[in-house]
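Residues per chain are reported as follows:
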Amino acid sequence: MTDGGRSGGPVFSSAGGAAAGAAAAAGPGSAAVPGPGPTAPPAQGLTAAQRPGSGPAPGPAPAEAPALAVLASGRGSNFVAIAEAVRRGDLPMRLALVLSDVPGAPVLERAAEFGVPTVVVEPAAARDETGRYSRRRYGDLVLEELLRRGVEYVALAGFMRLLGGELLRRYAGRIVNIHPSLLPAFPGLEPQRQALEYGVCVTGCTVHLVDEGMDTGPIIAQRAVPVEPGDTVETLTARILEAEHDLYWRALKRLATEKFVLDGRRVKFVSPAGRE
């Protein structure tokens, strides 16, 4: 699916069902990426602790709303902001799963409070034949969990593990991350500390598509946050996090409801009339 000849880049559509109309983000002429497809069987030998959510439903999202999975390793404050947007009716998605790589991560308790099913996929399950951790195998185990639940979109929210392989191909244009800096500045760990040490006047947060690199995917949305005199890592982190909580669900809403085209590295959303 192309952009009518305007840029030659792939067009990504809102999922709206089992087949997502997204094209692979490999560039012009790439093949369309299939949607999540039929339910997959459980992974063989998967050491995952699963439990259904037990709290109130996460919101009024109808059954036909696209299914969203949130991947997180820590507290889950961005998950909570997303779940609250779903509950308010501001985000037309259905929370299908919270997946973590950390047993006992606080985000699992937050998910249970919102009635969202959870699963832990431990890195130890992704060892290859030599006993070493395999990034590709880990991605395959995560993919199986997503396919079992018909997940159409994936949001990384403090998920401290790189993904790759078939997972990124199947969810091209539909897997996103949020990072607490204005990328491409300060990728990786401790970006708030990096910003303070570099002496910038403005930093912020970025929602971007996920690719094989660390914080290197095309940018969807950004929000600037000024660095105040006397800021510490803690105070700056708190203000950036507040911006993240508002920006992330808005970016997810655009992904779920609008088409976009990749023009090189630029993400260009297209209106229903075909205008950018």
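All of the points below concern the structure found in this document. As a convention, each chain's residues are numbered from 1 in the sequence order in which they are written. Given that this is a predicted model, residues contribute local features only at a pLDDT of at least 70 and side-chain atom pairs are listed and counted only at 80 or more, while totals for whole chains, interfaces and linings are drawn from all residues. Working from all heavy atoms in the structure, the side-chain values ignore hydrogens and water.

**What about the overall build of the chain?**
Along the chain, the regular secondary structure elements total six helices and 11 strands. Buried residues are those whose accessible area, probed at 1.4 Å on protein chains only, stays under 20% of the maximum for their type, while exposed residues exceed 50% and partly exposed ones sit between those limits. A burial count over the chain gives 49% of its 276 residues as buried. Here a residue-residue contact requires only that any non-hydrogen atoms of the pair lie within 4.5 Å. In the chain, of all internal contacts separated by at least 6 residues, the share reaching a separation of at least 24 is 66%. For the accessible areas, the method is Shrake-Rupley and the probe is 1.4 Å, while residue cover comes only from the protein chains on display. Accessible surface computed for the chain: about 12,300 Å², of which carbon and sulfur atoms make up 55%. Numbering of helices and strands runs from the N terminus; a helix is a DSSP stretch of H or I covering at least four residues, while a strand is a stretch of E covering at least two.

**Here's the deal with the nonpolar core**
Core analysis: the biggest nonpolar cluster contains 46 residues, and Leu68, Phe79, Leu95, Val176, Ile220, Tyr248 and Leu252 have the highest contact counts within it. Element by element, the count of residues in this core is highest for helix α6 (residues 233-257), at 10 residues. Only buried residues count toward a nonpolar core. Its members are Ala, Val, Leu, Ile, Met, Phe, Trp, Tyr and Cys residues joined through side-chain atoms within 4.5 Å. Counting 26 residues, the second-largest nonpolar core is a separate cluster that includes Leu99, Ala126, Leu141 and Phe159.

**Observations concerning the environment of Ala157**
By the element assignment, Ala157 lies in the loop between β6 (153-156) and α4 (166-170). Once the C-alpha coordinates of Ala157 and Ile82 are considered, the two residues, 75 residues apart in sequence, prove to be 10.0 Å apart. Those residues in contact with Ala157 that lie beyond four places of it in its chain are Val70, Leu71, Ala72, Ser73, Asn78 and Tyr248.

**Here we look at the packing of helix α1 (residues 77-88) against α6**
Helix axes use the C-alpha atoms of the stretch in contact, all axes being lines fitted to C-alpha atoms, and the angles between their N-to-C directions lie in the range 0 to 180 degrees. As a packed pair, α1 and α6 sit with axes 9 Å apart at the nearest point and diverge in direction by 50°. With respect to each other, α1 and α6 are oriented oblique. The chirality of how α1 crosses α6 is right-handed. For the pair α1 and α6, the contacting residues are Ser77, Asn78, Ala81, Ile82, Ala85 and Arg88 in the first and Leu241, Glu244, His245, Tyr248, Trp249 and Leu252 in the second. Split by residue class, the contact of α1 with α6 holds seven nonpolar, three polar and two charged. To sort the angles, those under 35 degrees are grouped as roughly parallel, those over 145 as roughly antiparallel, those from 65 to 115 as roughly perpendicular, and the leftovers as oblique. Two helices that cross are described as forming a left-handed crossing if the nearer one is turned anticlockwise from the farther one by less than a right angle, and a right-handed crossing if clockwise. The classification used treats Ala, Val, Leu, Ile, Met, Phe, Trp, Tyr, Cys and Pro as nonpolar, Asp, Glu, Lys and Arg as charged, and all other residues, Gly among them, as polar.

**Comments concerning the side chain of Glu145**
The topology assignment puts Glu145 in helix α3 (residues 135-148). Here Glu145 falls in the buried class, since its relative accessible area comes to 0%. Think of a polar contact as two N or O atoms within 3.5 Å of one another; within protein, one of them needs to be a possible hydrogen donor and the other a possible acceptor, and neighboring residues in sequence only count if both atoms come from side chains. Within the local environment of Glu145, its side chain forms a polar contact with the side chain of Arg148, the two groups lying 3.4 Å apart.

**Examining the layout of surface pockets**
Of the grid points, spaced at 1 Å and generated over the protein atoms alone, those admitting a 1.4 Å probe that cannot get out make up cavities, while open sets with protein on both sides within 12 Å along at least five of seven lines make up pockets; any residue with an atom within 4 Å of a point is treated as lining. Grid points are joined across faces, edges and corners, and a volume is the space filled by probe spheres set on the points. In this structure, the largest pocket encloses a volume near 900 Å³. Around the largest pocket sit 34 residues that line it, and Gly158, Phe159, Met160, Ile178 and Pro180 are the ones nearest its centre.

**What to know about the pairing of strand β7 (residues 175-179)**
Across the five residues that make up β7, a large majority, five, are buried. Neither face of β7 is open: one carries Ile175, Asn177 and His179, the other Val176 and Ile178, and all of them are buried. Summarising the sheet, β7 and strand β8 (residues 202-209) pair through four bridges and their orientation is antiparallel. For His179, the partnering residue across the bridge sits in β8 and is Thr206. Pairing between two strands is assigned when DSSP locates at least 2 bridges connecting them.

**Re α1**
Between the first and last C-alpha of α1 there are 17 Å, a value that for 12 residues agrees with the 16 Å anticipated at 1.5 Å per step. Every buried residue of α1 is accounted for by Asn78, Phe79, Val80, Ala81, Ile82, Ala83, Ala85 and Val86. Lining the buried residues of α1 we find β3 (67-71), β4 (94-100), α2 (106-113), β7 and α6. Positive backbone phi, approximately 90°, marks Gly89, located one or two places after α1. Multiplying 1.5 Å by the helix residue count minus one yields the expected span of that helix.

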